[in-house]
Amino acid sequence: MSGRAGELSPGGFAERLLAGDRLALARGITQVERRLPEGRALIQELIGSTGSSQTLGITGPPGAGKSTLVTALTTHLRAEERQVAVLSIDPSSQFTGGALLGDRVRMTTHYLDEGVFIRSMASRGISGGLAPAALDAVLLMDAAGFDPVFIETVGVGQSEIEIASHADTIILVLVPGAGDSIQMIKAGIMEIPDIIVVNKADHPLALEFVSTLRRSLPILKRIEKPRIVQTEATTGRGIPELATAIADHRLHLEETGLLQTRRERSLRRRVLALAADLITAELAEQADNDPEIQAVIGEVIARRVEPMQAAERIVDRAPLRSAT
Ligand SMILES: Nc1nc2c(ncn2[C@@H]2O[C@H](COP(=O)(O)OP(=O)(O)OP(=O)(O)O)[C@@H](O)[C@H]2O)c(=O)[nH]1
Ligand SMILES: [Mg+2]
């Protein structure tokens, strides 16, 4: 980690970030979080230097032990001298107050370790949704040389699952006997993860839960079934096995060429989602100002035209982007 004070210049900023300067990284993340033009320029400058880190999405119900697991895994990875970054996504839940956010970022074990970078991001106050800001932050952590980059999301909302699903390796953390873990299995969420962690292995229902889980694997539509690992994050039991499962998955992705396929698919999805946002914003503005669009909508309001026909008429006549 390099970067000395007094080198602050607009040109040198990206360079300092690239050299692993934590201050520059923190500032860069704030810029992308606020969707500032500087943030975009920074990503443009650094995008060529991204793609070498493994990104690990960690999701699961509240309180499953995700943060404790990430902390334990970080300890494990630090022993191998890996530089670890953690992005903790705070869900949009109305219950999320300052205290909860404080709990999420609290990784006191690694607080003073220069080789660990921890950042949390809340959905409140981020324009244009959380996903673009979070994914840009991951790019910056990657550019700064942190590998792996953990992305912890609480798997309750669409946007949280969406963020986790952009990772190279997706880890779902469940807890034996917990109602929301069972709900997640039923909700088909098991189609997503590469690794399922059954944490709190000290729980009396742990064995029973794991066998329920194993029995449900053949029902999954996916060809490659997720690997199941049992852990007790608080004591570190099962952490080496989980680290091995993560390393194995990375190897598997590389050997099969799936890493490239997944990343291409993820970037394609990202670009199209951003384009869709632009189109939606443009269309909303046009609808406010264009009497012809208003007339078409008026036809539906008057119940003379069915909605789909009106939508097609609008799309057919409106340019996606005004010529100005
Ligand atoms: N008994 C037991 N408790 C655990 C284990 N792992 C974590 N915990 C406890 O479970 C509680 C929640 O742990 P966190 O790591 O904060 O869980 P989380 O999934 O990050 O929680 P949110 O981010 O709030 O969704 C804490 O009190 C942990 O100490 C475990 O393996 N066994
Ligand atoms: Mg947490």
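Helices and strands together make up the secondary structure of the protein, namely 13 helices and seven strands. When burial is assessed residue by residue, the protein has 45% of its 324 residues classed as buried. Considering only contacts in the protein between residues 6 or more positions apart, those separated by 24 or more positions represent 74%. Within the structure as shown, the protein displays about 17000 Å² of accessible surface, and the carbon and sulfur contribution to it stands at 57%.

On to the pairing of strand 6 (residues 195-198), then. Burial along strand 6 is two-sided: the residues Ile195 and Val197 and Ile196 and Val198 are all buried. Inspection of the sheet shows strand 5 (residues 169-174) paired to strand 6 by four bridges, in the parallel sense. Note that in strand 6 the partner of Leu174 across the bridge is Val198. By the bridge criterion, four bridges tie strand 6 to strand 7 (residues 227-230) in an arrangement that is parallel.

General note: in soluble globular proteins, nonpolar side chains tend to be found buried as a group. Ranked by size, the top nonpolar core spans 31 residues in total, and within it Leu17, Leu25, Leu87, Met121 and Leu140 carry the most contacts. When residues of this core are traced back to their parent elements, those giving at least two are helix 1 (10-18), helix 2 (22-33), helix 3 (37-46), strand 2 (84-90), strand 3 (116-122), helix 6 (130-143) and strand 4 (149-154). Per element, the largest residue contribution to this core is ten residues, and it comes from helix 6. In this view, Leu25 contacts Leu17, Phe117, Leu140, Met141, Ala144 and Phe146; residues no more than four positions away in its chain are not counted.

Contact geometry of helix 10 (residues 239-256) with helix 11 (residues 258-289) gives a least axis separation of 5 Å together with a crossing angle of 90°. Between helix 10 and helix 11, the interaxial angle falls into the category roughly perpendicular. Contacts between helix 10 and helix 11 involve His249, Arg250, His252, Leu253, Glu254 and Thr256 from the first element and Leu258, Leu259, Arg262 and Arg263 from the second. In terms of residue class, the contact of helix 10 with helix 11 is made up of three nonpolar, three polar and four charged.

This next bit is on the coordination of the magnesium ion (ligand 2). At the metal site, the magnesium ion (ligand 2) is ligated by Ser67 (OG) and Glu152 (OE), and these contacts range over 2.1 to 2.2 Å. Of this pair, Ser67 sits in helix 4 (residues 66-79) while Glu152 sits in strand 4, placing them 85 residues apart in sequence. Using a relative accessible area of 18% as the deciding quantity, one classes Ser67 as buried.

Scanning the model with the defined rule gives one aromatic pair in all. Here Phe117 and Phe146 contribute two aromatic rings whose centre-to-centre distance is 5.9 Å and whose plane-to-plane angle is 45°, an arrangement assigned as tilted. You can see Phe117 sitting in strand 3 and its partner Phe146 sitting in the loop between helix 6 and strand 4, a full 29 residues away along the chain. Each member of the pair, Phe117 as well as Phe146, is classed as buried. Over the ring of Phe13 we find Arg27, and its NZ or CZ is 4.2 Å from the ring centre.

Attention now goes to the sheet that holds strand 7. Strand order in the open sheet made by the seven strands is 3-2-4-1-5-6-7, with parallel pairing throughout. Looking along the sheet, the strands with just one partner apiece sit at the ends: strand 3 and strand 7. With direction set aside, neighbouring strand axes in the sheet form an average angle of 20°. Inspection of the sheet shows strand 1 (residues 55-60) paired to strand 4 by six bridges, in the parallel sense. Across the sheet, residue Thr55 finds its bridge partner in strand 4, namely Val149. Most of the contacts of helix 4 go to strand 4, to which it runs at about 170°, and overall it touches strand 1, strand 2, strand 3, strand 4, strand 5 and strand 6. Sheet strands touched by helix 6: strand 1, strand 2, strand 3 and strand 4. Its angle to strand 2, the strand with the most contacts, is close to 170°.

Right, let's talk about the environment of Arg119 for a bit. Note that Arg119 resides in strand 3. Among the residues examined, Arg119 registers a relative accessible area of 15% and is labelled buried. It is 8.0 Å that separates the C-alpha atoms of Arg119 and Ala85, two residues lying 34 residues apart in sequence. Side chain to side chain, Arg119 and Glu33 meet in a polar contact 3.1 Å long.

Okay, the side chain of Asp168 next. Secondary-structure assignment places Asp168 in the loop between helix 7 (158-164) and strand 5. A distance of 2.7 Å separates polar atoms of two side chains, one belonging to Asp168 and the other to Arg263. Ignoring sequence-local partners within four residues, the contact set of Asp168 consists of Ser53, Gln54, Thr55, Asp194, His249, Arg250, Leu253, Leu259, Arg262 and Arg263.

Thresholds applied
- Residues numbered from 1 in each chain as written.
- Chains lettered and ligands numbered in written order.
- Predicted model: local features only at pLDDT ≥ 70, side-chain atom pairs only at ≥ 80, totals over all residues.
- Heavy atoms only, no water.
- Helix = DSSP H or I, 4+ residues; strand = E, 2+ residues; numbered from the N terminus.
- Buried < 20%, exposed > 50% of the residue type's maximum accessible area, 1.4 Å probe, protein only.
- Contact = heavy atoms within 4.5 Å.
- Areas by Shrake-Rupley, 256 points an atom, 1.4 Å probe, with all protein chains shown as cover.
- Pairing = 2+ DSSP bridges.
- Core = buried A, V, L, I, M, F, W, Y, C linked by side-chain atoms within 4.5 Å.
- Axes fitted to C-alpha atoms, helices over the stretch in contact; angles between N-to-C directions.
- Parallel < 35°, antiparallel > 145°, perpendicular 65-115°, else oblique.
- Nonpolar A, V, L, I, M, F, W, Y, C, P; charged D, E, K, R; others polar.
- Donors = N, O, S within 2.8 Å, 3.2 Å for Na, K, Ca; no water.
- Phe/Tyr/Trp six-rings, centres within 6.5 Å; stacked < 30°, edge-to-face > 60°.
- Lys NZ or Arg CZ within 6 Å of the ring centre and 35° of its normal.
- Polar contact = N/O pair within 3.5 Å; in protein donor to acceptor, adjacent residues only side chain to side chain.

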